[in-house]
Amino acid sequence: STTFNGVLVWKIREFSCRKREAVSGRSISLYSEPFYTSRYGYKMRAMVYLNGDGIGKGTHMSLYFIVMKGEYDALLPWPFNQKVTLKLLDQGAYLRHMYVTFQPDPTSPSFQKPTSDMNIASGFPLFVHHCVIEGSSYATDDTIFLRIDVDTLDLNIF
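Residues numbered from 1 in each chain as written. Predicted model: local features only at pLDDT ≥ 70, side-chain atom pairs only at ≥ 80, totals over all residues. Heavy atoms only, no water.

To continue, consider the sheet that holds strand β6 (residues 84-88). Strand order in the open sheet formed by 4 strands is β1-β9-β6-β7, and the pairing between neighbours is antiparallel. Looking along the sheet, the strands with just one partner apiece sit at the ends: β1 (7-12) and β7 (98-102). Each adjacent strand pair in this sheet contributes to an overall mean axis angle of 10°, direction not counted. Across 5 bridges, the pairing between β6 and strand β9 (residues 144-150) is antiparallel. In the sheet register, Val84 faces β9, and the bridge partner there is Val150. (Pairing = 2+ DSSP bridges. Helix = DSSP H or I, 4+ residues; strand = E, 2+ residues; numbered from the N terminus. Axes fitted to C-alpha atoms, helices over the stretch in contact; angles between N-to-C directions.)

If you want it as structure tokens, here you go:
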């Protein structure tokens with residue numbers, strides 16, 4: 001399930017059960033599998049709080065992007081500076097995806113060369129309000145899809 005093109009499509013099954021677990025505090029956050037900008041590129045992952053995090057707790061789904069320590073970090077330019085788009089995919093006919101795009105802050109510790117397994121997550125505690133997701137085409141068959149796109153067009157590695 002690992003990708004090497006800067007794109008992650010994350011399928012989260014049993015959304016309602018996982019959200020109930022988040023509300024009860026049993027499983028607060030979920031991590032995606034790692035993905036990469038290229039075979040020898042940046043290693044990354046996503047993290048979601050289905051019942052929200054920080055100011056979004058109890059009202060929103062919070063979505064974050066994480067730069068991870070990778071095998072080829074010594075060959076990559078730092079800080080990480082690729083544009084990132086976080087999306088909740090609409091599974092209905094109109095494809096009204098909810099998304100935010102950001103350019104990393106080069107001074108943030110979240111985008112420096114990792115010294116531990118994962119850097120500090122960066123993202124949006126108020127990503128999508130619960131009332132937008134529940135009972136909509138964003139959560140079809142008790143499944144949601146999140147997509148992370150990392151711009152690799154200006155990334156010259158080797």
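From this point, the discussion proceeds with the structure in view.
This part covers the side chain of Asn51. The topology assignment puts Asn51 in the loop between β4 (43-49) and β5 (60-68). By relative accessible area, which is 10% here, Asn51 ends up buried. Among all residues touching Asn51, those that are not within four sequence positions of it are Lys19, Ala22, Val23, Gly56, Lys57, Gly58, Thr59, His60 and His130. (Buried < 20%, exposed > 50% of the residue type's maximum accessible area, 1.4 Å probe, protein only. Contact = heavy atoms within 4.5 Å.)

The next point concerns the packing of aromatic side chains. Per the counting criterion, the structure on display carries 10 aromatic pairs. With centroids separated by 5.1 Å and ring planes inclined at 90°, the aromatic side chains of Tyr42 and Trp78 adopt a geometry described as edge-to-face. Highlighted residues: Tyr42 in the loop between β3 (35-36) and β4 and Trp78 in the loop between β5 and β6, separated in sequence by 36 residues. By relative accessible area, Tyr42 is classed as buried at 1%. By relative accessible area, Trp78 is classed as partly exposed at 22%. With centroids separated by 4.8 Å and ring planes inclined at 85°, the aromatic side chains of Tyr42 and Phe80 adopt a geometry described as edge-to-face. (Phe/Tyr/Trp six-rings, centres within 6.5 Å; stacked < 30°, edge-to-face > 60°.)

On to the nonpolar core. What tends to happen in soluble globular proteins is that the nonpolar side chains get buried as a cluster. In this structure, Phe65, Ile144 and Ile148 are the most contacted members of the largest nonpolar core, which totals 33 residues. Secondary structure elements with two or more residues in this core: β1, α1 (15-24), β4, β5, β6, β8 (122-129) and β9. Setting aside residues no more than four positions away along its own chain, Ile148 makes contact with Gly6, Val7, Leu8, Phe35, Ala46, Leu63, Phe65, Val84, Thr85 and Leu86. (Core = buried A, V, L, I, M, F, W, Y, C linked by side-chain atoms within 4.5 Å.)

On to the side chain of Ser122. Residue placement: Ser122 occurs in strand β8. Residue contacts for Ser122: discarding those within four places in its chain leaves Tyr64, Phe65, Phe102, Ser110 and Phe111.

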